[in-house]
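# Summary of structural features
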Amino acid sequence: MYRNCGYKIGRHTYIAEGLTVAEKLEDEDNLIIGSRVAIGPNVTLLTSSDPNNSRIRPYVKIQRGRILIEDDAWLGAGSIIMPDITIGTGAVVGAGSVVTKNVDPYHIVAGVPAKIIKKVEMP
C-alpha cells in the first residue's frame, strides 16, 4: 500500500501498525525507506509541518523536506521524524523520541529532542 503512494521501500522492511505519514510535497522521492528497516507501532514521519491556515503562518518557520531512512535502521514505537531528516544505516531511534536532526549511521538516539546516547557496537 505504501509503495502505491509513491514511497520507495526496500526489501524485508517491517512496518508495524499505525504508521502516519504527513506530507504536502508532490515529489516522488519525499520518503525513502531502505532495506531491512524496522518501524515500530505508531511512528510518525513528517515530510511537511506547517500551521495550515492559521493567522500565525507568516510568522513561523514552515518545514518541508525528504525523509531518508537508510538500510538496517530501527525506529522505536511512537517516534516522530521531522522533515528533511536522514536516519543513517544501522541507526536506532528510541521509542517516543522526536528526531529534529540527522542521525549518523550506527548511532542510537533518544529523547525529545533526540540526542545521541551511544553507538551501535558491531564486531
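Along each chain, the written sequence defines residue order, and numbers are assigned to residues from 1. Per-residue local features are limited, in this predicted model, to residues with pLDDT of at least 70; the limit for side-chain atom pairs, both in listing and counting, is 80 or more; totals at the level of whole chains, interfaces and linings are taken over all residues. Side-chain numbers come from the whole structure's heavy atoms, not from hydrogens or water.

Attention now moves to the overall build of the chain. A run of H or I in DSSP becomes a helix once it reaches four residues, and a run of E becomes a strand once it reaches two; helices and strands are each numbered from the N terminus. A count of helical and extended segments in the chain gives 0 helices and 16 strands. Here the globule rule reads 2.2 Å times residues to the power 0.38, and the radius of gyration is calculated from C-alpha atoms. Relative to the globule expectation of 14 Å for 123 residues, the C-alpha radius of gyration of the chain, 14 Å, shows essentially globular dimensions. Dimensions along the principal axes, computed over C-alpha positions, put the chain at roughly 55 × 35 × 20 Å. Counting over 123 residues, the chain shows a buried share of 39%. Note that accessible areas follow from Shrake-Rupley with a 1.4 Å probe, and for residues the cover is restricted to the protein chains shown. Total accessible area computed for the chain in this model is approximately 7400 Å², and 51% of it derives from carbon and sulfur atoms. For the chain, the separation between the mean place of its 14 positive charges and that of its 13 negative charges on side chains is 6 Å. Exposure categories follow from relative accessible area, calculated using a 1.4 Å probe and restricted to protein chains: below 20% of the type maximum is buried, above 50% is exposed, and the middle band is partly exposed. For the purpose of charge, His is not counted, nor are the chain termini; Lys and Arg are scored as positive and Asp and Glu as negative. To locate a charge, the coordinates of NZ of Lys, CZ of Arg, CG of Asp or CD of Glu are taken.

As a further point, take a nonpolar patch on the surface. Nonpolar side chains (Val, Leu, Ile, Met, Phe, Trp, Tyr) within 5 Å and like charges within 9 Å form the patches, drawn only from residues with over 30% relative accessible area and no salt bridge. Each salt bridge in this description consists of a side-chain nitrogen of Lys or Arg and a carboxyl oxygen of Asp or Glu lying within 4 Å of one another. On the surface, Ile56, Tyr59 and Val60 cluster together to form a nonpolar patch covering roughly 340 Å² of accessible area. Counting through the fold element by element, Tyr59 comes out in the loop between β7 (48–49) and β8 (63–64).

Here a strand pair is declared whenever DSSP counts at least two bridges between the two strands. One open sheet holds the 4 strands; their spatial order is β3-β6-β11-β14, and the pairing between them is parallel. Of all the strands in the sheet, the pair left with one neighbour each is β3 (20–22) and β14 (98–99). In this sheet, strand β11 (residues 80–81) lies alongside strand β6 (residues 44–46) in parallel orientation, the contact comprising 2 bridges. Paired with Thr44 across the bridge in β11 is Ile80.

Moving on to the sheet that holds strand β12 (residues 85–87). Pairing is parallel in the open sheet, where 4 strands are placed in the order β1-β4-β9-β12. Because the sheet does not close on itself, it has two edges, and the strands there are β1 (8–9) and β12. Strand direction decides the pairing type here: strand β9 (residues 67–69) and β12, joined by 3 bridges, are parallel. Bridge pairing in β12 links Ile69 to Ile87.

Let us look at the layout of surface pockets. A water-sized probe rolled over the atoms picks out the places where empty space is left. Here the largest pocket defines a volume of roughly 170 Å³. Every residue lining the largest pocket is listed: Val99, Thr100, Lys101, Asn102, Val103, Asp104, Val109, Pro113, Ala114, Lys115 and Ile116. Whether a set of points on the 1 Å grid over the protein atoms alone is a cavity depends on a 1.4 Å probe fitting there but being unable to get out, while an open set qualifies as a pocket with protein on both sides within 12 Å along at least five of seven lines; lining residues are those with an atom within 4 Å of a point. Grid points are joined across faces, edges and corners, and a volume is the space filled by probe spheres set on the points.

A few words now on the environment of Asn42. Among the structural elements, Asn42 can be located in the loop between β5 (38–39) and β6. Taking the C-alpha atoms as reference points, Asn42 and Ala16, separated by 26 residues in sequence, lie 7.5 Å from one another. The contact definition used throughout considers only heavy atoms, calling two residues in contact when any of these lie within 4.5 Å. Excluding residues within four positions of it along the chain, Asn42 makes contact with Glu17, Gly18, Gly78 and Ser79.

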